[in-house]
Amino acid sequence: MNLRFVSTRIGMLVVTVLVSSLAIYGAMFLTPGDPATLLVGGSRNPDPAVLAQIHRDYHLDDPFVQGYWHWLGNCLHGDFGTSLVYRDSVAGLIGARAGGTLALVAYASVLVLAAGTLIGTVAALRGGRTEALATTLTAGAMAVPTFVMAVLLVWLFAVQLPWFPVYGSGGGFTGTLAHLTLPAVALALTWIGYVAQVTRAAVRAEMRSEHVETARSRGVPERTVIRRHVLHNASGPVFAVSGVGIAGLIATAAVAEQAFGTGGLGALMIEAASKQDMAVVQAVSLIFVVVFVVINTGVDLVSAALDPRIAQKGVR
């Protein structure tokens, strides 16, 4: 792989994380008034001793850049501070909730990859009514927001057909799987549509390509042509959009978590924001940004490995 392309992508990752973390840290200081009042829940008459302690703990009296580097350095060592609302370390709160978000995103990712690529491939290979139906259904899935899909799934599969539970994360493997099915489907459906559309277009383009026609004219069996030439060459754009989709699942997981009460990091951030617990909001936001950027960088690197032309374009 082109080393210049790799170094460029890694450099962009570092810059993006630094800029995003600066924005996250600076958001508290852009709020009118004393930032310490946010950390005590916005109380109108806070205890001066408590405010003074918060100023010392969070280095609020330091110059902005110095305070930012101190906060970022602590975060890099796993110290996100203490939640004044939950009376616990922010790292502990995140550790208790991270498993739920990871399980939900992993479940939804499997659905996106399996259903999206299968629907798109079948639609492209069969064509005709199958392709038209798949295109219509996936376009409809792309148009429905996650929170609307959550309501529809609850009404259909929990009220009309009581097949799945609608609240909580469950216990044990089967219980967790049952509780996460509806939120995973609600979260994944939009990206299933995107992946299916890109897969269909990529497979269609490869089926019309010159090297595929040449292989067929030489008498290569159709199954071999499809497997070695069509699907292999179409894997690049499919992998790229799938990676972006998985990163998008992380960004929108809070909607499904809040709708179904699964109690993940997204729900924690929403709860903390409503209580003005800025230490938790900052930490969870930073984690989401880092994971999102790392996944997208990984997708770029793997895509360049699959198709060297991407790396050549990326360094021009």
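What comes next concerns the included structure. Along every chain, residues carry numbers that run from 1 in the direction the sequence is written. Under the rules for a predicted model, residues below a pLDDT of 70 receive no local features and side-chain atom pairs below 80 are neither given nor counted, while totals for whole chains, interfaces and linings still include all residues. Side-chain numbers come from the whole structure's heavy atoms, not from hydrogens or water.

Structural notes on the overall build of the chain
Okay, step 1: What counts as a helix is a DSSP run of H or I of at least four residues, what counts as a strand is a run of E of at least two, and both are numbered from the N terminus. Broken down by element type, the chain carries 13 helices and 2 strands.
Okay, step 2: Its C-alpha atoms put the chain at 85 × 55 × 35 Å along the principal axes.
Okay, step 3: Buried means the residue's accessible area, taken with a 1.4 Å probe over protein chains only, is under 20% of the maximum for its type, while exposed means over 50%, and partly exposed covers the values in between. Residues classed as buried in the chain amount to 40% of the 316 residues present.
Okay, step 4: Sequence separation of 24 or more characterises 71% of the internal contacts of the chain that already satisfy a separation of 6 or more.
Okay, step 5: To be clear on the numbers: accessible area is Shrake-Rupley with a 1.4 Å probe, and residue cover counts the displayed protein chains and nothing else. Within the structure as shown, the chain displays about 16500 Å² of accessible surface, and the carbon and sulfur contribution to it stands at 65%.
Okay, step 6: The convention is simple: Lys and Arg are positive, Asp and Glu are negative, and His and the chain ends are not counted. Note that the charge is assigned to NZ on lysines, CZ on arginines, CG on aspartates and CD on glutamates. A gap of 17 Å separates the mean positions of the 20 positive and 17 negative side-chain charges of the chain. The contact rule is simple, with two residues in contact once any of their heavy atoms fall within 4.5 Å.

Section: the packing of aromatic side chains
Okay, step 1: Paired rings are identified among Phe, Tyr and Trp, the last through its six-membered ring, by centres lying within 6.5 Å, and are further divided according to the angle between planes into stacked (under 30 degrees), edge-to-face (over 60) and tilted (the rest). Scanning the entire structure with this criterion turns up 8 aromatic pairs.
Okay, step 2: Note on Phe157 and Phe164: the rings are 6.3 Å apart at their centroids and 75° apart in plane angle, and the pair reads as edge-to-face.
Okay, step 3: A residue is classified by how much of its surface remains accessible, and Phe157, at 22% relative accessible area, is partly exposed.
Okay, step 4: A relative accessible area of 28% means that Phe164 is categorised as partly exposed.
Okay, step 5: One aromatic cluster is present, built from ring pairs that chain together Tyr25, Phe64, Tyr68, Trp69 and Trp71.

Some points on the nonpolar core
Okay, step 1: Core analysis: the largest hydrophobic core is formed by 40 residues, its most contacted members being Trp71 and Val284.
Okay, step 2: Elements with a minimum of two residues in this core: helix H1 (3-30), helix H4 (64-76), helix H5 (90-126), helix H8 (172-207), helix H10 (222-260), helix H11 (265-274) and helix H12 (278-306).
Okay, step 3: If we ignore the near neighbours within four places in the chain, the residues touching Trp71 are Ser21, Ile24, Tyr25, Gln282 and Leu286.
Okay, step 4: Ala124, Met207, Ile226 and Val238 belong to the second largest nonpolar core, which has 11 residues in total. To qualify as a nonpolar core, a set must consist of buried Ala, Val, Leu, Ile, Met, Phe, Trp, Tyr and Cys residues joined through side-chain atoms within 4.5 Å.

Some points on H5
Okay, step 1: By this rule, a helix spans an expected 1.5 Å times one less than how many residues it contains. Taking 1.5 Å per residue as the helical rise, H5 with its 37 residues ought to reach 54 Å, and the 52 Å between its terminal C-alpha atoms agrees with that figure.
Okay, step 2: Throughout, the bend at a residue refers to the angle made by two axes, fitted to the seven residues ending there and to the seven starting there. At Arg97, H5 is deflected by roughly 35°, the largest bend along its length.
Okay, step 3: Following H5 by one or two positions, Gly127 has its phi on the positive side, about 65°.

What about the packing of H5 against H8?
Okay, step 1: Where helices are involved, their axes are fitted lines through C-alpha atoms of the stretch in contact, as for all axes, and angles between N-to-C directions lie from 0 to 180°. Running from N to C, H5 and H8 point in directions that differ by 35°, and their axes come no closer than 5 Å. At the point where H5 passes H8, the crossing takes the right-handed sense. The sense of a crossing depends on the near helix, which, turned anticlockwise from the far helix by less than a right angle, makes the crossing left-handed and, turned clockwise, makes it right-handed.

Some points on the environment of Trp191
Okay, step 1: For Trp191, the location among the structural elements is in helix H8.
Okay, step 2: Put simply, Trp191 and Asp79 are 112 residues apart on the chain and 34 Å apart in space, counted from C-alpha to C-alpha.
Okay, step 3: Apart from residues lying up to four places away in sequence, Trp191 is in contact with Val112, Val241, Val244, Gly245, Gly248 and Leu249.

Examining the side chain of Glu131
Okay, step 1: Checked against the element boundaries, Glu131 lands in helix H6 (residues 128-143).
Okay, step 2: The contact partners of Glu131, leaving out residues within four places of it in the chain, are Ala123, Arg200 and Arg204.

Some points on a nonpolar patch on the surface
Okay, step 1: The patches described consist of residues with a relative accessible area above 30% and no salt bridge, like charges being joined within 9 Å and nonpolar side chains (Val, Leu, Ile, Met, Phe, Trp, Tyr) within 5 Å. Here, a salt bridge means any side-chain nitrogen of Lys or Arg that lies within 4 Å of a carboxyl oxygen of Asp or Glu. Together, Ile10, Val14, Leu18, Leu22, Phe64, Val65 and Trp69 make up an exposed nonpolar region whose accessible area comes to about 620 Å².
Okay, step 2: Those elements that place two or more of their residues in the nonpolar patch are H1 and H4.
Okay, step 3: In terms of residues, the nonpolar patch owes the most to one element, H1, which gives 4 residues.
Okay, step 4: If you trace the backbone, Val14 turns up in helix H1.
Okay, step 5: Judged by relative accessible area, Val14 falls into the partly exposed class, the value being 40%.

Purely spatial values, then, with no claim about function.
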